[in-house]
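One-letter residues, chain by chain:
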Amino acid sequence: SSVADSAATLGGVGFAAGDRYDSSFSWWSAGAEVSYEALRVHRDGANGTDFGLFLLGSLDVQSVSRDLVNLDTGLATDAHEPVFVAEVGGGFRLGFDTRASVPLFRSIEISGKGAVGAAVPMGDGDLGGATRIEALFSGRVTESLSLFIGYRLVGLGLTGEEMGMAGSLQGVRAGFSYEF
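Fair warning: this is a prediction, and the values are worked out from it, not measured in the lab. (Residues numbered from 1 in each chain as written. Predicted model: local features only at pLDDT ≥ 70, side-chain atom pairs only at ≥ 80, totals over all residues. Heavy atoms only, no water.)

*Asks:* Hey, could you run me through a negative patch on the surface in this one?
*Replies:* A contiguous patch of negative charge, built from Asp67, Asp78, Asp124, Glu161 and Glu162, is present on the exposed surface. Residue position: aspartate 78 is located in strand β6 (residues 76–97). On the basis of relative accessible area, aspartate 78 is assigned to the partly exposed category, the value being 43%. (Patch = residues over 30% accessible without salt bridge, like charges linked within 9 Å, V, L, I, M, F, W, Y side chains within 5 Å. Areas by Shrake-Rupley, 256 points an atom, 1.4 Å probe, with all protein chains shown as cover. Salt bridge = Lys/Arg side-chain N within 4 Å of Asp/Glu carboxyl O. Lys, Arg positive; Asp, Glu negative; His and termini not counted. Charge placed at Lys NZ, Arg CZ, Asp CG, Glu CD. Helix = DSSP H or I, 4+ residues; strand = E, 2+ residues; numbered from the N terminus. Buried < 20%, exposed > 50% of the residue type's maximum accessible area, 1.4 Å probe, protein only.)

*Asks:* How should the environment of threonine 49 be read in this particular structure?
*Replies:* Along the chain, threonine 49 turns up in the loop between β4 (20–42) and β5 (50–70). Taking C-alpha positions, threonine 49 is 12 Å from arginine 106, a pair spaced 57 residues apart along the chain.

*Asks:* How should I be thinking about the sheet that holds strand β9 (residues 145–160) in this particular structure?
*Replies:* Pairing between the strands of a sheet is mediated by backbone hydrogen bonds and can be parallel or antiparallel. Pairing within the open sheet is antiparallel, and its eight strands lie in the order β1-β4-β5-β6-β7-β8-β9-β10. In this open sheet, the two edge strands, each paired with only one partner strand, are β1 (2–3) and β10 (164–178). (Pairing = 2+ DSSP bridges.)

*Asks:* Just to check I follow, could you spell out the pairing of strand β7 (residues 107–121) for this structure?
*Replies:* Side chains on a regular strand alternate between the two faces of the sheet. Summarising the sheet, β6 and β7 pair through 15 bridges and their orientation is antiparallel. Opposite arginine 93, over in β7, you have serine 111 as the bridge partner. Pairing analysis gives 13 bridges linking β7 to strand β8 (residues 125–140), with the strands arranged antiparallel. Bridging from a neighbouring strand, serine 111 pairs with leucine 136 of β8.

*Asks:* What should I look at first to understand the layout of surface pockets in this one?
*Replies:* If a probe as big as a water molecule is rolled over the atoms, it shows which places are left empty. Computed from the structure, the largest pocket encloses a volume of approximately 1300 Å³. Every residue lining the largest pocket is counted, 43 residues in all, and those nearest its centre are Ser35, Arg93, Arg140, Ser177 and Glu179. Where the lining of the largest pocket is concerned, the elements lending two or more residues are β4, β5, β6, β7, β8, β9 and β10. In terms of residue count, β4 provides more of the lining of the largest pocket than any other element does, eleven residues in total. For the lining of the largest pocket, the residue count by class is twelve nonpolar, 13 polar and 18 charged. Taken as a whole, the second largest pocket encloses approximately 180 Å³ of empty space. Taken together, Trp27, Trp28, Ser29, Asp60, Gln62, Val85, Glu87, Arg132, Arg152, Val154, Leu169 and Gln170 make up the full set of residues lining the second largest pocket. Mapped by element, the contributors of at least two residues to the lining of the second largest pocket are β4, β5, β6, β9 and β10. The residue inventory of the lining of the second largest pocket, partitioned by class, reads five nonpolar, three polar and four charged. (1 Å grid on protein atoms, 1.4 Å probe; cavity = no way out; pocket = protein on both sides within 12 Å on 5 of 7 lines; lining within 4 Å. Points joined across faces, edges and corners; volume = space filled by probe spheres on them. Nonpolar A, V, L, I, M, F, W, Y, C, P; charged D, E, K, R; others polar.)

As far as function goes, none of this settles anything; it's purely spatial.
So this is what it looks like as structure tokens:
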């Protein structure tokens, strides 16, 4: 729990300076992304360099939730806002053939991408905006499978049925991708 520094009201629950409160916040998403390689330059040099530019589109389902309890008065508020997010954008990929020096990976790649779009609340609410910026370092295990680690910044702004929000999340992410 924490202590309120000053008086405030959130979701209809009032807090006086010195009131103890407990809170939680959750933001999750699941989605799919498709990309089209608009330009690919391949050089058969000593390091087998590949460079490509691509366009992308993505659809996500996101859910933002918050809970807040004034421990001194017992009053509580919660809000849950499910959202569809559709984005378009582009990016680049720069890869190097590493089969001779790092047999586990066919190539290593550095990539970056960005996208902008719309956030549409699933209930009542107003259309909002969404943004995303990513930087990745990948090791291509097969022609289609890559392992990656990188950074992602995701922004969302909307006025939904239960809450309004203008914020972003950022952090390190890791995983795998499969291209076909």
